[in-house]
Amino acid sequence: MKHITKSLMAGAIAATLAVPAVAQEINLKMATIAPGTSAYLTMTTMATMVNQALDDVNIQVDATGAATQHMVEVANGNLDMSMTSPTVYNFMKSGTVMYSQLPNAAELAENLSLVFWFPLGNYHFLVYEDSGIETMEDFAGKRVFLGPPGGGAYAAAVTAVRLMGGLEVGEDYDDVNASWSSSVQGFQDRQFDVLATTGIPPYPLVEQLALTSTLRLIGLSKEEFDANQPFQDFITNTDGEEIGIIPAGVYGDNVVNTEDVYTLGADVGVAARTDLDEDLVYRITKAYWEALEKEKENTPWMKGITLEGAVKAAAGMRLHPGAQRYYEEVGVDIPEASRAM
């Protein structure tokens, strides 16, 4: 009996040893801004791609709150990844604007590293065609949503309206205090006159709005842009901002513009904790880009996301060592200012 018992025990031990170890799932917390934005679309798509490609990684996405606060949470170790932007990262690094009351802002910025930059897209200033608004000067006396107050997008949109239309927020027009998600419903209910939103044309949110309404995009013509030196200077001298051109006809007949609309364009990115495991970030970066190339075939708005743009120098933000390892592996030319310390 003892012999049998020992044999059974030996067999059980051998069987146990023969079973492959199951990798423990790594749960990561990532925050982005509200549904409907191109940042939300890009980052939730990223999470889905990585979760499908890596059996041991599960990225959970929270789409509430503002990126300015999310970046602080990442730097403090309460989140693993979040949206970032060159403009807001500059504010954190210098301890200015929304971070002026945060004594250790510059120190926190050191615990934020870049995974990749991507186009937030072009600022779409939308009005209903029957509103009578045809230029940015016509925003005078109107109710205008430019983004949640205190966010980087809001600050950029306020500047764009001042430089393109000569109007000051709070003096010439009233800004609407709302979240990204509630602003869309408010615009559909005609609670205000102008909706500013950002996305890569053809931006799905605008396509959806144009299914049931006739809209107009407000911006500059090429001739007006060429003659507007202050607006050009702002784009040239501000990290993360660029010319945004929305092609005529990209949204079909229900968006009535017959010429290209020149507006503000912007880049944002995915930031990770600098102390997040290097090999883990490498695997996440690799999984994302390998899946993205296949996805681009069926998703027009993702075609503007490129490896070269992912690593460009902006605001002095450094790549995470794990992300950098992947970009070096595939031969991307990384600017010195973007390289991990």
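Residue indices follow the written sequence of each chain, beginning from 1 at its first position. Since the coordinates come from a predicted model, pLDDT governs what is reported: local features require at least 70, and pairs of side-chain atoms require 80 or more to be given and counted, while whole-chain, interface and lining totals use all residues. Think of the side-chain values as coming from all heavy atoms in the structure, minus any hydrogens and water.

**Q** Describe the pairing of strand β4 (residues 112–128), listing the residues and the values that go with them.
**A** Partly exposed residues are those whose accessible area sits between 20% and 50% of the maximum for their type, while under 20% is buried and over 50% is exposed, using a 1.4 Å probe and protein chains only. Strands here are runs of E lasting at least two residues and helices are runs of H or I lasting at least four, both read from the DSSP assignment and numbered beginning at the N terminus. Taking burial as the measure, the 17 residues of β4 include 17 buried ones, the bulk of the element. Where β4 lies against strand β10 (residues 261–273), nine bridges are found, and the strand directions are antiparallel. Residue pairing in the sheet places F116 in a bridge with V270 of β10. At least two DSSP bridges between two strands are required for those strands to pair. In this sheet, strand β7 (residues 194–199) lies alongside β4 in antiparallel orientation, the contact comprising five bridges. Each residue of the ladder has a partner; that of F125, found in β7, is A196. Alignment of β4 against strand β8 (residues 215–218), held across four bridges, turns out to be antiparallel. Within β8, the position partnered with F125 by the bridge is I218.

**Q** Pulling in residues and values, what's your account of the environment of A210?
**A** With respect to the helices and strands, the residue A210 is situated in helix α8 (residues 204–210). Here the alpha-carbon distance between A210 and D253, two residues 43 residues apart in the chain, equals 8.7 Å. If we ignore the near neighbours within four places in the chain, the residues touching A210 are L215, N254 and V255. A contact between two residues is defined here by any heavy atoms of the two lying within 4.5 Å.

**Q** Which residues make up the side chain of N111, and what values go with them?
**A** With respect to the secondary-structure elements, N111 resides in the loop between α5 (105–109) and β4. In this view, N111 contacts V74, A75, A272, R273, T274 and D275; residues no more than four positions away in its chain are not counted.

**Q** How would you explain the pairing of strand β3 (residues 81–84) if you had to name every residue and give the values?
**A** Across two bridges, strand β1 (residues 26–31) lies against β3 in parallel orientation. What sits directly across from A31, in β3, is S82. Sheet analysis places β3 next to β10, joined by four bridges and oriented antiparallel. Residue T84 lies in a different strand from β10, and its bridge partner there is G269.

**Q** I'd like a rundown of empty space enclosed by the protein, residues and numbers included.
**A** Cavity: a set of points on a 1 Å grid over the protein atoms alone where a 1.4 Å probe fits but cannot get out. Pocket: an open set with protein on both sides within 12 Å along at least five of seven lines, its lining residues, like those of a cavity, having an atom within 4 Å of a point. Grid points are joined across faces, edges and corners, and a volume is the space filled by probe spheres set on the points. Going through the model one piece at a time under the given rule, you end up with two cavities of 30 Å³ or more. Considering only enclosed or pocket space, the largest cavity measures out at about 50 Å³ in volume. Forming the boundary of the largest cavity are L217, I246, P247, A248, G249, V250, Y251, V255, N257, E259 and V261. Split by residue class, the lining of the largest cavity holds eight nonpolar, two polar and one charged. Amino acid classes used here: Ala, Val, Leu, Ile, Met, Phe, Trp, Tyr, Cys and Pro are nonpolar; Asp, Glu, Lys and Arg are charged; the rest, including Gly, are polar.

**Q** Tell me what's going on with helix α7 (residues 180–188), and back it up with residues and numbers.
**A** Within α7, burial applies to W180, S183, V184, G186 and F187. Viewed end-on, α7 has its buried residues packed into an arc of 165°, placing them on one side of the element. Elements in contact with the buried residues of α7: β4, β5 (143–145), α6 (152–165), β7, α8 and β8. In the stretch just after α7, R190 is the one whose phi turns positive, near 60°. What the arc measures is the spread of directions leading from the helix axis to the C-beta atoms.

**Q** If you had to explain the layout of surface pockets to someone new, which residues and values would you point to?
**A** The computed volume of the largest pocket comes to approximately 370 Å³. Elements that contribute at least two residues to the lining of the largest pocket include exactly α3 (67–75), β3, α4 (86–94), β4, α6 and β10. Ranked by the residues each element gives to the lining of the largest pocket, the list is headed by α6, at four residues. Of the residues contributing to the lining of the largest pocket, the split by class is 19 nonpolar, 12 polar and two charged. Approximately 290 Å³ is the volume attributed to the second largest pocket. Every residue lining the second largest pocket is counted, 18 residues in all, and those nearest its centre are E134, G219, L220, S221 and E224. Looking at the lining of the second largest pocket residue by residue, the classes come out as seven nonpolar, five polar and six charged.

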